[in-house]
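# Summary of the model geometry
In case you want the letters, here they are:
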Amino acid sequence: MPPKPEGHYLSRLNGDFISKASVFRMIREFARYSNIPQGYYMEFGIMNGGTAISAYRQLRGYVTDIYGFDTFTGHPAQQEEDKIRAEFAPYFFEGNYKAEGADYCRKTIRAETLIADENIHIYEGLFSDTLPTVDLSKLESNGFPICVMVDCDLYSSAVDVFQFLTPILQTGTWLLIDDFWCYRGDPKLGVRRAFEEWLQDNGRINVTLYDNFNAYSRAYICYEL
Ligand SMILES: C[S@@+](CC[C@H](N)C(=O)[O-])C[C@H]1O[C@@H](n2cnc3c(N)ncnc32)[C@H](O)[C@@H]1O
């Protein structure tokens, strides 16, 4: 049995690195300076909504809608590719990061941000089941994709996410890859592998690096090819 994760491990590391909140503040400045209109924040692996709330606090006035996706039961069963060198990422086992639930996530976001219920869009279930149900024209009517956070840890999950994002991302969208430096930094594994394969293959979007942040994460800005 893998060791139990330390609850506040990353929050303790936060002080030593550029924090998530600092990146969100940069995105606010970027939106102001780059004539970016209002729009939405999207998070894949939203869990209990903590990061989405932090994003909204920094991006108030720019972000009108929050989209969040999660099983809320924790990581799904690992696929074959997720099992390669699984010992490099001992916290990514099935059921880990189980959240309080979709309702809790929605209520917490509402209470902490005061966003209207209709502007909080929570999708419960596997990405492979929920992403095909998203109405892309409705999404477009909710404005600019200001910031997309990919925090789903597993290669197989990230493949679904990047495929979904291909038609959505725009020049100026911030793409935050939470798990970039996981798996001992091996680019052939995890979310980073899915990200690099998608960059090679998608044919529509490329990214320019902003910085590393929050210990394991990387911030990019998208541009259309
Ligand atoms: C590290 S946690 C996210 C933490 C959260 N972003 C935060 O900052 O509080 C990773 C999340 O990804 C979710 N996840 C991973 N693969 C998924 C999939 N295929 N479909 C839906 N959710 C998935 C897990 O349920 C888990 O909640």
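See the structure shown above.
### Considering the overall build of the chain
A count of helices and strands for the chain gives 8 helices and 7 strands. Its C-alpha atoms give the chain a radius of gyration of 16 Å, near enough to 17 Å, the size a compact globule of 225 residues would have. With the C-alpha coordinates aligned to their principal axes, the bounding extent of the chain is approximately 45 × 40 × 40 Å. Residues counted as buried form 39% of the 225 residues belonging to the chain.

### A closer look at the site of the ligand
Surrounding the ligand, one finds 21 residues, the nearest of these being G45, M47, T51, D151 and S157. For the shell around the ligand, the elements supplying multiple residues, two or more each, are α3 (50-59) and β2 (63-70). Here the residues of the shell around the ligand sort into 10 nonpolar, 7 polar and 4 charged.

### Some points on the sheet that holds strand β4 (residues 144-150)
The 7 strands lie next to each other as β3-β2-β1-β4-β5-β7-β6, forming an open sheet whose pairing is mixed. In this open sheet, the two strands that pair with only one neighbour each are β3 (120-124) and β6 (205-213). Averaged over neighbouring strand pairs, the angle between their axes works out to 15° when direction is ignored. For β6 and strand β7 (residues 217-224), the ladder comprises 8 bridges, and the chain directions are antiparallel.

### Some remarks on helix α2 (residues 20-33)
Taking 1.5 Å per residue as the helical rise, α2 with its 14 residues ought to reach 20 Å, and the 20 Å between its terminal C-alpha atoms agrees with that figure. Of all the residues in α2, the buried ones are K20, V23, F24, I27, R28 and A31. End-on view of α2: buried residues confined to an arc of 150°, all on one side of the axis. Turned more than 90 degrees away from the buried face of α2, the exposed residues are E29, R32 and Y33. Next to the buried residues of α2 lie α3, β4, β5 (174-177), β6 and β7. Positioned one or two residues after α2, N35 has a phi angle of 60°, which is positive.

### Quick notes on the packing of α2 against α3
Running from N to C, α2 and α3 point in directions that differ by 35°, and their axes come no closer than 8 Å. Judged by the sense of rotation from one axis to the other, the crossing of α2 with α3 is right-handed. On α3, the residues touching K20, A21, F24, R25, I27 and R28 of α2 are T51, S54, A55, Q58 and L59. For the contact of α2 with α3, a count of residues per class yields 5 nonpolar, 3 polar and 3 charged.

Procedures and definitions
- Residues numbered from 1 in each chain as written.
- Predicted model: local features only at pLDDT ≥ 70, side-chain atom pairs only at ≥ 80, totals over all residues.
- Helix = DSSP H or I, 4+ residues; strand = E, 2+ residues; numbered from the N terminus.
- Rg over C-alpha atoms; globule rule 2.2 N^0.38 Å.
- Buried ≥ 20, exposed ≤ 12 C-beta atoms within 10 Å, placed from the backbone.
- Near = placed C-beta within 6 Å.
- Nonpolar A, V, L, I, M, F, W, Y, C, P; charged D, E, K, R; others polar.
- Pairing = 2+ DSSP bridges.
- Axes fitted to C-alpha atoms, helices over the stretch in contact; angles between N-to-C directions.
- Expected span 1.5 Å × (residues − 1).
- Arc of directions from axis to C-beta.
- Contact = placed C-beta atoms within 7 Å.
- Left-handed = near helix turned anticlockwise from the far one by under 90°.

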